[in-house]
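# Examination of the molecular architecture
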Amino acid sequence: MAAAGLVYFQTDLFRARSAERGLSGLVSVRGSVGLEQLALTDQEVGVINRTVEKYRETFPKVGLVIDTVGHVDKITPKTVLIFAVELQTNGDLVVKSWSRKVPRDNMVPQFVAYMGKAASEYKEFKRFPDVKQNFKTLYI
C-alpha cells in the first residue's frame, strides 16, 4: 500500500494536469510572460497543438514571444499582451510576424489565423525559386 501511494505521488496523479505539459514540444515560449501565467485551457492547448501539427511540414519549430503592456500582476482574459510568432522553416529562413497587441482571450485565435496566413504566403514565396532569396527572415 505504501508503494502504491509513493507511485501515486511521484507520477503526478494527485496534481492537476498542467497545460504546459500538454503543449507540443515543437513550440517554445519566451518573453516576460510564461506559460504558467497564461493559464492556457486544455482546449486552447489542443487548438495550438493541432495547428502546429497541421503546418509541421512547413514550419517544424514554432516560437511564441509574449510580453505585457506595462507591469501586470495577473493575466486575465482582457489583459493586453504583445504577441509575436517566429516560424522556423526546413531551410535557413525564419518567418516572423510583426508584434501586435492582443487581449489574452484573443491570443490563440490570432495564432491560428497567423499560422494559416504564414503557410499560404510562404508557399507562394517558394513558388518562385528564380527570385533572389538571399535573406534569413521573412516578415508576414
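Scope of this entry: the structure provided in the associated data block. Per chain, the residues get numbers from 1 upward, laid out in the order the sequence is written. Thresholds applied to this predicted model are a pLDDT of at least 70 for local features of residues and 80 or more for the giving and counting of side-chain atom pairs; totals over whole chains, interfaces and linings are not thresholded and use all residues. To obtain the side-chain values, all non-hydrogen atoms of the structure were used and water was disregarded.

## Let's talk about unusual backbone geometry
Not every positive phi belongs to a glycine, and Ala39 is a case in point at roughly 50°. The topology assignment puts Ala39 in the loop between helix 3 (35–38) and helix 4 (42–54). Helix numbering and strand numbering both begin at the N terminus, where a helix is a DSSP run of H or I of at least 4 residues and a strand a DSSP run of E of at least 2.

## Observations concerning the packing of helix 4 against helix 5 (residues 107–126)
Helix 5 packs onto helix 4 with a crossing angle of 10° between their chain directions and a minimal axis gap of 10 Å. One finds that helix 4 runs roughly parallel with respect to helix 5. Contact with helix 4, carried on its side by Glu44, Val47, Ile48, Thr51 and Val52, involves Val108, Phe111, Val112 and Met115 of helix 5 and no other residues of that element. Along the lines of polarity and charge, the residues of the contact of helix 4 with helix 5 split into seven nonpolar, one polar and one charged. All axes are obtained by fitting lines to C-alpha atoms, using only the stretch in contact for helices, and the reported angles, taken between N-to-C directions, cover 0 to 180 degrees. Should an angle fall under 35 degrees it is taken as roughly parallel, and over 145 as roughly antiparallel, whereas 65 to 115 is taken as roughly perpendicular and any remaining angle as oblique. Contacts between residues were defined by any pair of non-hydrogen atoms, one from each residue, lying within 4.5 Å. In this classification, Asp, Glu, Lys and Arg are treated as charged, Ala, Val, Leu, Ile, Met, Phe, Trp, Tyr, Cys and Pro as nonpolar, and every other residue, Gly included, as polar.

## As for helix 5
Here helix 5 contains 20 residues, and its C-alpha end-to-end distance of 28 Å stays within 8% of the 28 Å for a straight helix at 1.5 Å per residue. Only protein chains enter the calculation, and the probe is 1.4 Å; a residue is then buried if its accessible area is under 20% of its type maximum, exposed if over 50%, and partly exposed in between. Those residues of helix 5 that fall on the buried side of the exposure criterion are Met107, Val108, Phe111, Tyr114, Met115, Ala118, Ala119, Tyr122 and Phe125. Looking down the long axis of helix 5, one finds its buried residues gathered within 135° of arc, a one-sided arrangement. In a helix, the anticipated span is given by 1.5 Å times the number of residues less one. The arc in question is formed by the directions pointing from the helix axis toward the C-beta atoms.

## Here we look at the side chain of Arg104
With respect to the helices and strands, the residue Arg104 is situated in the loop between strand 5 (100–103) and helix 5. Beyond its immediate sequence surroundings of up to four residues, Arg104 is in contact with Leu38, Ala39, Leu40, Glu44, Ile75, Thr76, Pro77, Thr79 and Leu81.

## What about helix 4?
Between the first and last C-alpha of helix 4 there are 18 Å, a value that for 13 residues agrees with the 18 Å anticipated at 1.5 Å per step. Buried residues of helix 4: Glu44, Val45, Gly46, Ile48, Thr51 and Val52, and no others.

## Topic: the nonpolar core
Among the nonpolar cores identified, the biggest contains 34 residues, and Phe59, Val62, Leu87, Val95, Met107 and Phe111 are the most heavily contacted of them. Contributions of two or more residues to this core are made by helix 3, helix 4, strand 2 (61–68), strand 3 (80–88) and helix 5. Top element by residues in this core is helix 5. It accounts for nine residues. Not counting residues up to four positions away in its chain, the partners in contact with Phe59 are Leu87, Gln88, Thr89, Val95, Met115, Ala118, Ala119 and Tyr122. Among buried residues, those of type Ala, Val, Leu, Ile, Met, Phe, Trp, Tyr and Cys that are joined through side-chain atoms within 4.5 Å constitute a nonpolar core.

## Brief notes about the packing of aromatic side chains
Pairing of aromatic rings covers Phe, Tyr and Trp, the last through its six-membered ring, and needs centres within 6.5 Å; plane angles under 30 degrees mean stacked, over 60 mean edge-to-face, and all others mean tilted. Scanning all chains against the criterion turns up three aromatic pairs. On the basis of an interplanar angle of 45° and a centroid distance of 5.8 Å, the ring pair of Phe59 and Tyr122 is categorised as tilted. Residue Phe59 is located in the loop between helix 4 and strand 2, and its partner Tyr122 is located in helix 5; the two are separated by 63 residues in the primary sequence. Neither Phe59 nor Tyr122 differs from the other in exposure class; each is buried. Seen in terms of ring centroids, Trp98 and Tyr139 are 4.3 Å apart; in terms of plane orientation they differ by 15°. Their pairing is stacked. Residue Trp98 is located in the loop between strand 4 (94–96) and strand 5, and its partner Tyr139 is located in strand 6 (residues 137–139); the two are separated by 41 residues in the primary sequence. For Trp98, a relative accessible area of 56% gives the class exposed.

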